[in-house]
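Descriptive analysis of the structure
Residue strings, one per chain:
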Amino acid sequence: MTEDELRDLVLERLHDDATAFRSLIRDLAVAYPEISARTLEAALLTAAREMDAAIRRGGSPTDEAQTARRLAILLSMDIDRARSDAPVTLGDLRDWWTRNDDFFLRL
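What counts, and where the lines are drawn
- Residues numbered from 1 in each chain as written.
- Predicted model: local features only at pLDDT ≥ 70, side-chain atom pairs only at ≥ 80, totals over all residues.
- Heavy atoms only, no water.
- Helix = DSSP H or I, 4+ residues; strand = E, 2+ residues; numbered from the N terminus.
- Rg over C-alpha atoms; globule rule 2.2 N^0.38 Å.
- Buried < 20%, exposed > 50% of the residue type's maximum accessible area, 1.4 Å probe, protein only.
- Axes fitted to C-alpha atoms, helices over the stretch in contact; angles between N-to-C directions.
- Parallel < 35°, antiparallel > 145°, perpendicular 65-115°, else oblique.
- Left-handed = near helix turned anticlockwise from the far one by under 90°.
- Contact = heavy atoms within 4.5 Å.
- Nonpolar A, V, L, I, M, F, W, Y, C, P; charged D, E, K, R; others polar.
- Phe/Tyr/Trp six-rings, centres within 6.5 Å; stacked < 30°, edge-to-face > 60°.
- pLDDT = per-residue confidence, 0-100.
- Salt bridge = Lys/Arg side-chain N within 4 Å of Asp/Glu carboxyl O.

Quick look at the overall build of the chain
For the chain, the count of helices and strands is 6 helices and 0 strands. Each helix (α) and strand (β) of the chain, taken in turn from the N terminus, gives the series α-α-α-α-α-α. In terms of overall dimensions, the chain is globule-like: its C-alpha atoms have a radius of gyration of 13 Å, near the 13 Å expected for 107 residues. Over its C-alpha atoms, taken along the principal directions, the chain stretches across nearly 45 × 25 × 20 Å. Taken over 107 residues, the chain has a buried fraction of 40%.

Observations concerning the packing of helix α2 (residues 21-31) against helix α5 (residues 90-99)
What describes two packed helices is the angle between their axes and the distance between those same axes. Two numbers describe how α2 lies on α5: the axes approach to 8 Å, and their chain directions differ by 120 degrees. Considered as vectors, α2 and α5 are oriented oblique to each other. As for the relative orientation of α2 and α5, their crossing is left-handed in sense. When α2 is examined against α5, the residues I25, L28, A29 and V30 are found in contact with a partner set consisting of L90, R94 and W97. Classifying every residue of the contact of α2 with α5 gives 6 nonpolar, no polar and 1 charged.

Brief notes about the packing of aromatic side chains
Two aromatic rings, taken as a pair, are described by how far apart their centres are and by the angle between their planes. Summed over the entire model, instances satisfying the criterion amount to 2 aromatic pairs. Judged by centre distance (5.0 Å) and plane angle (40 degrees), the rings of W97 and F104 are tilted. Residue classification places F104 among the buried residues on the basis of a relative accessible area of 1%. Both rings, one in F103 and one in F104, keep their centres 5.4 Å apart while their planes meet at 70 degrees; by these two values the pair is edge-to-face. Grouped by ring-pair contacts, the aromatic residues W97, F103 and F104 constitute a single cluster.

Concerning the confidence of the model for the chain
Of the residues in the chain, 94% reach a pLDDT of 70 or more, and the chain-wide mean stands at 88. Mean pLDDT across the elements of the chain bottoms out in helix α1 (residues 3-16) (89) and peaks in α5 (94).

Some remarks on the pattern of salt bridges
Side-chain pairs of opposite charge can arise whenever the charged atoms involved come near each other. Across all of its chains, the model carries 11 salt bridges by this definition. Here R38 and E41 are joined by a salt bridge, their closest N and O atoms 2.7 Å apart. Here the residue R38 and the residue E41 both occupy positions in helix α3 (residues 37-54), the gap between them amounting to 3 residues, near one helical turn. For R38, a relative accessible area of 34% corresponds to the partly exposed category.

Here's what the structure looks like:
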């Protein structure tokens, strides 16, 4: 899956349901364990920029865009904490969450 396809999936999920963000990262880690976690981080940030460009409410970022940015920041922190010699995949993160910090598994 490309970064553009991930971005589109993120946009779709965040627009579908106000609570979709809760399981978004976990669901993607289960469905696409081979994808680089940094690719998902970039897709989240790109989605946020696109949402802001398309829909501005009162001159401030949209709720969906803010949510995408927050998820990207939290994901980035976990990527840094789960560092290995190779790029971290979503499957690696899922394993790391199980052993160390289950926030995304509980969200």
